[in-house]
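Structural description and commentary
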Amino acid sequence: MPAERLLPTQEAEDLIALVKEIARDELKPHAADAEENEKFPREAFRLLGRSGLLGLPYPEEFGGGEQPYEVYLQALEEVASAWMTVAVGLSVHVMSCYGLATFGTREQQDRWLPEMLEGELLGGYALSEVQAGSDPAAMSTRAVRQGDEYVVNGTKAWITHAGAADFYTLMARTSPDAGRGISCFLAPGETEGLTAATPERKMGLTGSITAQLQFDDVRFGTDRLIGNEGDGLKIALSALDSGRLGIAACAVGLAQAALDEAVAYAKTRTQFGRPIIEFQGLEFLLADMAAAVESARATYLQAARRRDRGLPFRQQASIAKLIATDAAMKVTTDAVQVLGGAGYTRDFPVERYMREAKVLQIFEGTNQIQRLVIGRGLR
Amino acid sequence: MNIVVLVKQVPDTWSERKLTDADHTLDRESADAVLDEINERAVEEALQLQEAHGGEVTVIAMGPDRATDAIRKALSMGADKAIHVSDEALHGSDVLATAKVLAKAIGTVENVDLVIAGNEATDGRAGAVPAILAELLGLPQVTQLRKVTVEGTTIKGERETDEGVAFLEASLPAVVSVTEKINEPRYPSFKGIMAAKKKPVSTVTVADLGIDASEVGLSGAYTQVLEAAPKPPRSAGQRVEDGGDGGSKIAEFLVGQKLI
Ligand SMILES: Cc1cc2nc3c(=O)[nH]c(=O)nc-3n(C[C@@H](O)[C@H](O)[C@H](O)COP(=O)(O)OP(=O)(O)OC[C@H]3O[C@@H](n4cnc5c(N)ncnc54)[C@H](O)[C@@H]3O)c2cc1C
Ligand SMILES: Cc1cc2nc3c(=O)[nH]c(=O)nc-3n(C[C@H](O)[C@H](O)[C@H](O)COP(=O)(O)OP(=O)(O)OC[C@H]3O[C@@H](n4cnc5c(N)ncnc54)[C@H](O)[C@@H]3O)c2cc1C
């Protein structure tokens, strides 16, 4: 049973119908092969760009779709049900546009935003470093101002789309002050001194590129500084609040896909002369999976609606990310159980879903870090 | 060049399709309804011709209220405007009535140079509407095309059948029907979806088109479906034991199925 959605407008209905069609015909059929062979689906992102799906939650005047998060996230969820690598990439792209769209000057937005939102460009978000993962304030990559240029040196780690992105939202140190010494930049994707390392060999999400990004005397104009010097960490964390909603939606889409596979299998697989779904022991497992999917969806939608109304949502975004990604881990693991031996083979997608679920508990703040954010909101 | 595209909303071929028990017409409630895929290709062809030759693309659909979804899809792909023929009286119309209504609706569009239809709807599968329509309009019909080109006031087409390929030509205005080989339809973009909301759709009844309600619908149909039974479930495959002649047995089977 695919997800039934209550959408606020006709245009949202039509949007979801379009996304489902693209997901069914252009994404899902290629997912297993590309993941198996570690092929990054750059073309799929171009198709999303041509279809106007790369800038959904941003203003129409800059080429965005002007959709509330409630709608954008459900579109993202549909993509995730078909192909996680593309959904995560879409979420990262949207997050990479956030700094400029929210903290950039009008002049900067006019200049760069339209091609990021309505074109076929792909973005990256460069915050983490080897020694600065959960603690980004410990970063050491430096941007030094020389006349009307910044010169950047250092190495970012774990960067999604490293080497494939057309631009990066880059956080780098402009002063030694730990938290307040970090600034945000819109760095070009291809420029002298910027190189990506060999991609990490990951457990899942193998179609997506994750790699270190090295800056050797990379120079760009001071007009690429977003906000003021020292605003970087604030912008980065604010971007993550929205990004975490994206990851929550990705998690729900993945869990929904796993549930659908499990239910379909349980209806047709017979043992002891009956379809296995008729055994209560298994039916209860499926019921718990369905409950986890629905409640996780409700949780991220509630957080999204707060965001759409301009209410604070940091704590709710962390709760949604925590709940939804833990639900995805459990549901995908149980889906493997429902399929038995078949589920453990690569002939069925659920073992891949299980591997893909794991990373959702790690990136954009581990689930321990989400608890830290939630706890701070309680103080 | 002004083009009319005939689009039909049909049950999604991805969902289960069945007939109603009451009057053996299609149960349109039980399945998701979508713009027929062949008509997406018809719209695509119209848009490509418009890109090359200018003019306006009008879509016409005859169908119940929710056919507006199919119309919006065609508009979001890029068509300019639409006419929706919607009337309770149309329920159960046969191919003749359908063609008659569509002919009248086409008559309300000014300076039509070309009418594009699908060769066959995925639900009714009559494959007859375009030809009947051409007769009613007194226009040349160039049907079952896998390729269409327009040069001046001449339309050229390639018709592919089991027997081979025929190269056809007619003068405009004309009626053409296209097969699934004609093109790959574009996806609408979200911008197209937003733009479609503002495009004009006029909804008309059979009376608006000057047709008497008794000429259409179940009562006006020349034929009637008396009984309908679901297709028997697929039977088990045929097993070929290879006693040295397996190859030729398989070949015989394929010849029997007209596959080779
Ligand atoms: C269960 C069932 C039983 C039927 N029984 C009969 C019967 O007994 N006798 C009979 O004559 N017909 C019967 N019909 C067919 C009839 O209802 C057709 O669906 C209708 O007349 C159109 O025919 P078609 O869709 O097969 O057209 P086709 O000729 O296959 O369609 C070709 C093209 O014509 C255009 N077109 C067709 N219909 C429309 C439309 N409504 N709006 C806009 N464009 C359109 C489209 O471009 C389409 O691609 C039956 C249909 C069904 C589903
Ligand atoms: C596939 C993938 C893609 C990624 N994409 C990007 C990207 O595009 N851009 C980007 O900037 N980064 C990206 N990352 C990096 C990701 O955000 C970090 O891996 C994550 O923040 C964790 O940092 P770390 O790996 O250094 O772990 P560490 O911070 O070393 O954490 C190790 C363990 O310690 C726990 N821990 C740490 N601090 C605390 C604490 N205070 N209390 C309790 N427990 C704690 C963590 O929860 C974790 O379990 C990506 C990572 C992966 C795996």
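Residues numbered from 1 in each chain as written. Chains lettered and ligands numbered in written order. Predicted model: local features only at pLDDT ≥ 70, side-chain atom pairs only at ≥ 80, totals over all residues.

Let us now look at the overall build of chain A. When helices and strands are tallied, chain A shows ten helices and ten strands. In summary, chain A has a C-alpha radius of gyration of 21 Å against a globular reference of 21 Å for 379 residues, a match within 12%. For chain A, the spread of C-alpha atoms along the principal axes amounts to about 80 × 45 × 40 Å. Looking at chain A as a whole, 51% of its 379 residues are labelled buried. Taking the intrachain contacts of chain A between residues at least 6 apart in sequence as the baseline, contacts between residues at least 24 apart amount to 73%. (Helix = DSSP H or I, 4+ residues; strand = E, 2+ residues; numbered from the N terminus. Rg over C-alpha atoms; globule rule 2.2 N^0.38 Å. Buried ≥ 20, exposed ≤ 12 C-beta atoms within 10 Å, placed from the backbone. Contact = placed C-beta atoms within 7 Å.)

For the bond running from L172 of chain B to P173 of chain B, omega is -5°, close enough to zero to count as cis. Topologically, P173 of chain B is positioned in the loop between β9 (164–171) and β10 (174–178). Positive phi values are uncommon outside glycine, yet E66 of chain A reaches one of about 55°. One can find E66 of chain A in the loop between α2 (42–50) and α3 (69–82). Judged by the 17 C-beta atoms lying within 10 Å of it, E66 of chain A falls in the partly exposed class.

This part is about the UniProt feature "domain: Electron transfer flavoprotein alpha/beta-subunit N-terminal" (unreviewed entry) in chain B. According to UniProt, the feature "domain: Electron transfer flavoprotein alpha/beta-subunit N-terminal" (unreviewed entry) maps to residues 23–213 of chain B in the numbering used here. Helix makes up 29% of residues 23–213 of chain B and strand 29%. Its end C-alpha atoms lie 18 Å apart. (UniProt positions renumbered as here; feature names shortened; annotations may be inferred.)

Here the focus is the site of ligand 1. All names here are of chain B. Close to ligand 1 lie 34 residues; D94, G118, A121, G124 and A126 are nearest. Of all the secondary structure elements, the ones that give two or more residues to the shell around ligand 1 are α1 (37–53), β4 (57–62), α3 (95–107), β6 (114–118) and α4 (129–137). Grouping the amino acids of the shell around ligand 1 by side-chain chemistry returns 19 nonpolar, nine polar and six charged. (Near = placed C-beta within 6 Å. Nonpolar A, V, L, I, M, F, W, Y, C, P; charged D, E, K, R; others polar.)

Moving on, we get to the domain arrangement of chain A. Residues and elements named next belong to chain A. Split into domains, chain A comes out as domain 1 (10–118), domain 2 (123–230) and domain 3 (234–378). Domain 1 and domain 2 are separated by 22 Å when their C-alpha centres are compared. The partner domain 2 presents 19 residues to the 23 residues of domain 1 that form the contact. Put simply, the parts of the chain that give the side of domain 1 that touches domain 2 at least two residues each are α1 (10–36), α4 (84–103) and α5 (106–118). (Domains from an automatic or database assignment.)

What follows deals with the sheet that holds β9 of chain B. Residues and elements named next belong to chain B. On the basis of which strands lie adjacent, the open sheet formed by nine strands has the order β9-β8-β7-β10-β6-β1-β4-β5-β11 and mixed pairing. The sheet is open, and its two edges are formed by β9 and β11 (201–204), each paired on a single side. In this sheet, adjacent strand axes meet at a mean angle of 30° when their direction is disregarded. The sheet contact formed by β6 and β10 spans five bridges and is parallel. Along β10, the bridge assignment pairs L114 with A174. Together, β1 (3–6), β4, β5 (81–85), β6 and β11 form the strand contacts of α3, whose direction differs from that of β4 by roughly 145°. (Pairing = 2+ DSSP bridges. Axes fitted to C-alpha atoms, helices over the stretch in contact; angles between N-to-C directions.)

With that out of the way, let us pick up the site of ligand 2. Residues and elements named next belong to chain A. Ligand 2 sits among 22 residues. The nearest are G133, S134, W158, T366 and Q368. Each residue belonging to the shell around ligand 2 can be placed in one class, and the counts come to twelve nonpolar, eight polar and two charged. If you count residues domain by domain, the shell around ligand 2 takes at least three from each of domain 2 (123–230) and domain 3 (234–378).

What follows deals with the confidence of the model for chain B. With 100% of its residues at a pLDDT of 70 or more, chain B shows a mean pLDDT of 92. Here the complex is predicted with pTM 0.90, and the ipTM for its interfaces comes to 0.86. (pLDDT = per-residue confidence, 0-100.)

With 191 residues, the main nonpolar core has V79, A251, A255 and Y300 of chain A together with V5 and A74 of chain B as its most contacted residues. Considering each element in turn, this core owes the most residues, 20 residues, to helix α6 (residues 232–268) of chain A. Leave out the neighbours within four places in its chain, and Y300 of chain A touches L73, L245, A248, A249, V252, A320 and A324 of chain A. (Core = buried A, V, L, I, M, F, W, Y, C linked by C-beta atoms within 7 Å.)

Now for helix α8 (residues 314–343) of chain A. Count 3.6 residues to each turn of an α-helix, and residues three or four apart come out pointing the same way. With 30 residues, α8 of chain A extends just 37 Å between its outermost C-alpha atoms, more than 12% less than the 44 Å of an ideal straight helix rising 1.5 Å per residue. Remark: the principal bend of α8 of chain A, roughly 60°, maps to Q337 of chain A. (Expected span 1.5 Å × (residues − 1). Bend = angle between axes of the 7 residues up to and from the residue.)

Another aspect to go through is the interface of chain B and chain A. Every contact between the two is made by ten residues of chain B and, on the other side, eleven residues of chain A. Looking at the side of chain B that touches chain A, the elements with two or more residues in it are α2 (68–77) and α5 (190–196) of chain B. Along the lines of polarity and charge, the residues of the side of chain B that touches chain A split into five nonpolar, two polar and three charged.

All names here are of chain B. In this structure, E45 sits in helix α1. As for E45 and L137, which are separated by 92 residues in sequence, their C-alpha atoms are 21 Å apart. Leaving out residues up to four positions away in the same chain, E45 has contacts with I116, V148, V178, I182 and N183.

This brings us to the packing of α3 of chain A against α4 of chain A. Residues and elements named next belong to chain A. Put simply, α3 and α4 touch, their axes get as near as 6 Å, and they point 150° apart. The orientation of α3 relative to α4 falls into the category roughly antiparallel. Between α3, through L76, V79 and A80, and α4, the contact on the second element is made entirely by M84, V86, A87, L90 and S91. Its residues assigned to classes, the contact of α3 with α4 comprises seven nonpolar, one polar and no charged. (Parallel < 35°, antiparallel > 145°, perpendicular 65-115°, else oblique.)

Attention shifts here to the environment of I38 of chain B. All names here are of chain B. Within the secondary structure layout, I38 lies in helix α1. Since 22 C-beta atoms lie within 10 Å of it, I38 is described here as buried. Separated by 31 residues in the primary sequence, I38 and V7 have C-alpha atoms spaced 8.7 Å apart.

On to the packing of α1 of chain A against α3 of chain A. Residues and elements named next belong to chain A. Axis separation between α1 and α3 bottoms out at 8 Å; the angle between their running directions is 20°. By the angle between their directions, the pair α1 and α3 is classed as roughly parallel. Between α1 and α3 lies a crossing whose hand is right-handed. Mapping the contact onto sequence places A12, L15, I16, V19, K20, A23, R24, L27, K28 and A31 in α1 and V71, Q74, A75, E78, V79, S81 and A82 in α3. Broken down by class, the residue content of the contact of α1 with α3 amounts to eleven nonpolar, two polar and four charged. (Left-handed = near helix turned anticlockwise from the far one by under 90°.)

Moving on, we come to the pairing of β6 of chain B. All names here are of chain B. With five of five residues buried, β6 is to be regarded as a mostly interior element. Of the two faces of β6, the one lined by L114, I116 and G118 and the one lined by V115 and A117 are each fully buried. Two elements, β1 and β6, share three bridges in a ladder whose sense is parallel. Paired with V4 across the strands is V115, a residue of β6.

All names here are of chain B. For α2, a buried count of eight out of ten residues is recorded, marking the element as mostly surrounded by other parts of the structure. All buried positions along α2 are accounted for by A70, I71, R72, K73, A74, L75, S76 and M77. Where α2 terminates, the next one or two residues include G78, which has phi positive at roughly 140°.

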